[in-house]
Each structure stands twice: as structure tokens, then as C-alpha cells.
Amino acid sequence: MLEHLEGERREALARLTAEHPDRCAFGLDQVWAAAGGGGIDLLCVEDGFTYAARPVRGGDSFEPADHLEHPAVLDDVVDEIIEMVHRTGGRVVIVRDGALAEFGSVAALRRAGS
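Residues numbered from 1 in each chain as written. Predicted model: local features only at pLDDT ≥ 70, side-chain atom pairs only at ≥ 80, totals over all residues. Heavy atoms only, no water.

Visitor: Please provide a residue-by-residue account of the sheet that holds strand S6 (residues 106-110), values included.
Guide: Taken together, four strands build an open sheet; the order of strands is S1-S6-S2-S5 and the sheet is mixed. One side of each edge strand has no neighbouring strand; the edge strands of this open sheet are strand S1 (24-26) and strand S5 (91-95). Shown here is a sheet whose adjacent strand axes are inclined to one another by a mean of 15 degrees, direction ignored. The pairing of S1 with S6 spans three bridges and is antiparallel. Its bridge partner lying in S6, Cys24 is registered against Leu109. The strands that helix H2 (residues 27-36) touches are S1, strand S2 (40-46) and S6; relative to S1, the one it contacts most, it runs at about 135 degrees. Contacts from helix H3 (residues 77-87) reach S2 and S5 within the one sheet, and its direction differs from that of S2 by about 150 degrees. (Pairing = 2+ DSSP bridges. Helix = DSSP H or I, 4+ residues; strand = E, 2+ residues; numbered from the N terminus. Axes fitted to C-alpha atoms, helices over the stretch in contact; angles between N-to-C directions. Contact = heavy atoms within 4.5 Å.)

Visitor: Which residues make up the nonpolar core, and what values do they have?
Guide: Of all hydrophobic cores here, the largest spans 21 residues; its most connected members are Val31, Ile40, Leu43 and Ile81. At the level of secondary structure, the elements contributing two or more residues to this core comprise H2, S2, H3 and S6. If one sorts the elements of this core by residue count, H3 sits on top with six residues. The residues touching Leu43, leaving out its near neighbours within four places in the chain, are Val31, Ile81, Ile82, Val85, Arg91, Val92, Val93, Val106, Ala107 and Ala108. Counting ten residues, the second largest nonpolar core, distinct from the first, contains Leu42, Val93, Val95 and Ala107. (Core = buried A, V, L, I, M, F, W, Y, C linked by side-chain atoms within 4.5 Å. Buried < 20%, exposed > 50% of the residue type's maximum accessible area, 1.4 Å probe, protein only.)

Printed below as a string of C-alpha cells:
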């Protein structure tokens with residue numbers, strides 16, 4: 001089972017780097033925007049990566065949350081993105097911590113035509 005999981009992780013990371021750059025989204029803001037439109041085919045997220053934040057005006061970017069009790073704060077933006085991707089039929093692969101460090105711990109491949 002572990003060998004299968006590791007193979008799936010390697011394949012997902014290779015697919016991200018092999019696709020056209022214009023289909024990739026890197027970091028929370030770009031990935032959030034792509035997920036909101038249902039346009040993610042493959043989402044890769046580092047294991048353990050969470051981010052409590054408040055959407056900035058317009059809702060297409062985030063700022064760190066200083067008061068987690070505030071109603072506008074999402075306790076985990078990453079979890080929200082994962083749920084959006086699942087709802088729209090995208091694939092989610094959790095990768096090892098540090099595997100996406102250069103991309104802000106989260107990256108996605110948009111669907112063709114999105």
C-alpha cells in the first residue's frame with residue numbers, strides 16, 4: 001500500500017512539472033481562484049499544510065488571520081480548496097512535506113480549457 005501511495009505521489013508531481021505552465025496554479029491565491037471556478041483537474045497539497053486566513057476584498061486572495069473567532073476567517077483554506085476540488089470531480093494527492101516548498105506548499109493543474 002505504501003509503495004502504491006508513493007508511486008501516486010511521484011506521478012502527480014511529475015505531471016505537474018510536465019504540463020504546460022499556463023495550466024498550472026501555484027500557491028493559495030492562484031489555486032483558490034482555479035478551484036472556485038471548478039477548473040482543477042489535479043491538486044497537490046503537502047501533508048500537514050493548513051492555513052487559517054481571511055479573504056481579502058473581492059475574495060480572490062487571502063491574508064493571515066489574527067483572530068480565528070472572527071466570522072470572516074476560514075479556519076483552513078486548504079481544506080476548503082480540497083473540498084471544492086472533490087465536489088467538481090478533480091483529483092487530490094497529498095504529497096510529502098517540503099515537496100512543494102518552491103510553490104507555496106500547494107499546486108494544481110487546471111483542466112484543459114479552464
